[in-house]
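# Reading the structure
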Amino acid sequence: VQVVESGGGSVQAGDSMNLSCTSSGTTFTINAMGWYRQAPGKERELVALITSGREHTTYADSVKGRFTISIDNSDYTLYLQMNNLKLEDTAEYFCHAATWTGLVWGQGTQVTVSP
């Protein structure tokens, strides 16, 4: 399985942005997908997670009520709708897939929120 992120960029605080993550390869082996982020000087942290059948979602407390994770089961495209962005949301955002054979990471997409 390979995953590739897109949709990052620069926005102002309060704006919205949608990230996408396309999957390829043996996507039928994907159990769950998620978004992580890493700000400069900080550890990578979970932003949101969703099971492949959309039964369960998990969000970091810092993004609850502002971010929404979703998945298109037809092609395992993952989305992250981010509303009311804050300065502290600035980070490199990584797509992640948990498969039968291990974990897969994308290369990341930068999200920068300015005042």
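Attention in this report is confined to the structure presented alongside it. (Residues numbered from 1 in each chain as written. Predicted model: local features only at pLDDT ≥ 70, side-chain atom pairs only at ≥ 80, totals over all residues. Heavy atoms only, no water.)

## A short note on the overall build of the protein chain
- Counting its regular elements, the protein chain contains zero helices and eleven strands.
- Its helices and strands in sequence order give the protein chain the pattern β-β-β-β-β-β-β-β-β-β-β, from N to C terminus.
- Along the first, second and third principal axes, the C-alpha set of the protein chain runs to 40 × 25 × 20 Å.
- Restricting to contacts in the protein chain with at least 6 residues of sequence separation, those with at least 24 account for 51%.
- When the accessible surface of the protein chain is totalled, it reaches about 5,900 Å², and 49% of it is carbon and sulfur. (Helix = DSSP H or I, 4+ residues; strand = E, 2+ residues; numbered from the N terminus. Contact = heavy atoms within 4.5 Å. Areas by Shrake-Rupley, 256 points an atom, 1.4 Å probe, with all protein chains shown as cover.)

## Some thoughts on the pairing of strand S4 (residues 30-38)
- With seven of its nine residues buried, S4 lies for the most part within the structure.
- In the sheet, S4 pairs with strand S9 (residues 91-99) via eight bridges, with the strands oriented antiparallel. When the bridges of S9 are listed, Ile30 appears paired with Thr99.
- Pairing of S4 with strand S5 (residues 45-51) involves six bridges; the strand directions are antiparallel. Looking across to S5, one finds that Arg37 is bridged to Glu45. (Buried < 20%, exposed > 50% of the residue type's maximum accessible area, 1.4 Å probe, protein only. Pairing = 2+ DSSP bridges.)

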